[in-house]
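Chains, contacts and geometry: an overview
Spelled out from the first residue to the last, the chains are:
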Amino acid sequence: MASIAVARQAGVAAPNIRFEDVAAPARSAAIRWASDLRMRLERDFGERRMRHALAAAADGPEALRRSMQDTRALLHRFDRPVLPRVAAEAARVPPPPGAPAAAGPAEWFEPRGERPRGIVMHVHGGAFIASRSPRITRLVARFGAAAGASVFAPTYRLAPEHPCPAAIEDIRAAWQWLRRERPNERVVALAESAGAAVLLAALQAERDQGARLPDAVVLLSPFVDLTLQSLSVISASLTGSASFSMASMALAARFYRGSLPADDARVSPLFGRFEKLPPMLIHTSRGDILHDDALGLADRMRDAGGDLSVRIWEAETHVWERMNGPEARRSIELAARFIEGHLTKNG
């Protein structure tokens, strides 16, 4: 099977698969230095915490549980700004009664000063082991505000305490609840990084049951192949050009998959079936360690006859939308147009 990247370069037709290279202005030396510093700090933090988790695992499940709780608390302190500024993006409101609370209460946001045009259901990343961070919470609010939509942000049980398919079951339950609660509203599903694996596996399972799916899907820097065999993973790990290492990713993947093989479609939905999935938008960067996961999804959507748009930045980091730079704002605005278009589409 020729890759979509090769097909694109060779001019081979790929119906309903659209690529767009996004040109970004050159960054100053100071901005590059700050970005590289943050990347190194994130990678060092991740490697230290994963070593701590590995040592704790040798002492038994309770020690590992405490280690993961400490890591999650540190992540929430490290991955800021936020909560004080969320209100500037969208209003946090109580979710409807009965909203699922798999690993904590779901959150609900409404755009300020306008009636919502539909719903964005957000599935957070966090390497399968961490909950939605304050910075990602702000990202969710920004998407809601930019698209003029309500945002439903459910939680799911985390690895390693709750390995796959626990997270998938929780997101399926959240989706089913949303469809019962708001049966007549249009919905776009949004996920970043590891959240893309959980979301896609849940949607593949829902489709297999004949259930209604979201009207569209948006994926930011998707992590959907836990075999970690792609060239982008290997090369970024060897060159140290990513904010996390292959070793850290491998341990997170091992915690998540539990007893399942890495190429099981529930673990790595890249290996699942892509027929009859909703129209999809992916934002990715050649500078992301997981860039090839996005290209692999393009392969799978093309082979299934799906509808996919892929926007490619040149040198942004993993889930750069969580930052506050101009390309983060640009990515959010472009994705918000796609979301708004599908939320207001007739039929």
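Notes on the structure in this doc start here. None of these values were measured; they are calculated from a predicted model.

Summed over the entire model, instances satisfying the criterion amount to 3 cavities of 30 Å³ or more. Its volume calculated, the largest cavity comes out at about 770 Å³. Looking at the lining of the largest cavity, the elements that each hand over two or more residues are α2 (29-58), α3 (61-78) and α9 (246-257). The element contributing the most residues to the lining of the largest cavity is α2, with 7 residues. Tallied by class, residues from the lining of the largest cavity come to 16 nonpolar, 12 polar and 8 charged.

Once that is clear, we can look at the packing of α2 against α3. Packed helix pairs are specified by the crossing angle of their axes together with the interaxial distance, meaning the distance between the axes. At a minimum axis distance of 8 Å, the contact between α2 and α3 shows a crossing angle of 165°. By the angle class used here, α2 and α3 are roughly antiparallel. α3 is crossed by α2, and the crossing has right-handed handedness. Mapping the contact onto sequence places R38, E42, F45, R49, H52, A53, A56 and A57 in α2 and A63, L64, S67, M68, D70, T71, L74, L75 and F78 in α3. Split into classes, the residues belonging to the contact of α2 with α3 amount to 10 nonpolar, 3 polar and 4 charged.

Moving on to the nonpolar core. M121, F152, L178, L219, F255 and Y256 are the most contacted members of the largest nonpolar core, which totals 68 residues. For this core, the element with the most residues is helix α7 (residues 194-208), which contributes 9 residues. In this structure, A141, F143, A216 and A335 belong to the second largest nonpolar core, which totals 23 residues.

Now for the packing of aromatic side chains. Across all of its chains, the model carries 5 aromatic pairs by this definition. Ring geometry for W108 versus F152: centroids 5.6 Å apart, planes at 40°, classification tilted. Of this pair, W108 sits in strand β3 (residues 107-110) while F152 sits in strand β5 (residues 150-153), placing them 44 residues apart in sequence. Taken as a pair, W108 and F152 share a single burial class, namely buried. One aromatic cluster is present, formed by W108, F152 and W177 through successive ring pairs.

Counting through the fold element by element, S133 comes out in the loop between β4 (119-123) and α5 (134-147). Among residues more than four places away in sequence, those in contact with S133 are H76 and D79.

Scoring rules and cut-offs
- Each residue is numbered by its place in its chain's sequence as written, counting from 1.
- For a predicted model such as this one, the threshold for reporting local features is a pLDDT of at least 70, and the threshold for listing and counting side-chain atom pairs is 80 or more; totals across whole chains, interfaces and linings nevertheless cover every residue.
- Side-chain descriptors were evaluated using all non-hydrogen atoms of the structure, hydrogens and water having been removed beforehand.
- Residues are called lining when one of their atoms sits within 4 Å of a cavity or pocket point, these points coming from a 1 Å grid over the protein atoms alone, where a cavity is a set in which a 1.4 Å probe fits but cannot get out and a pocket is an open set with protein on both sides within 12 Å along at least five of seven lines.
- Grid points are joined across faces, edges and corners, and a volume is the space filled by probe spheres set on the points.
- Only DSSP runs of H or I with at least four residues qualify as helices, and only runs of E with at least two residues qualify as strands; both kinds are numbered from the N terminus onward.
- Put simply, Ala, Val, Leu, Ile, Met, Phe, Trp, Tyr, Cys and Pro go in the nonpolar bin, Asp, Glu, Lys and Arg in the charged bin, and everything else, Gly too, in the polar bin.
- Every angle, taken between N-to-C directions, lies between 0 and 180 degrees, and every axis is a line fitted to C-alpha atoms, over only the stretch in contact when it is a helix.
- Here is the rule for angles: anything less than 35 degrees is roughly parallel, anything more than 145 is roughly antiparallel, 65 through 115 is roughly perpendicular, and the remaining ranges are oblique.
- Here a crossing is taken to be left-handed if its near helix is turned anticlockwise relative to the far helix by less than a right angle, and right-handed if that turn runs clockwise.
- Residues are treated as being in contact if the distance between any of their heavy atoms lies within 4.5 Å.
- Residues grouped as a nonpolar core are buried Ala, Val, Leu, Ile, Met, Phe, Trp, Tyr and Cys residues, joined through side-chain atoms within 4.5 Å.
- Burial classes: relative accessible area under 20% of the type maximum marks a residue as buried, over 50% as exposed, and values in between as partly exposed (1.4 Å probe, protein chains only).
- The criterion for an aromatic pair is that two Phe, Tyr or Trp rings (for Trp, the six-membered ring) have centres within 6.5 Å, with stacked assigned to planes under 30 degrees apart, edge-to-face to planes over 60 apart and tilted to the rest.

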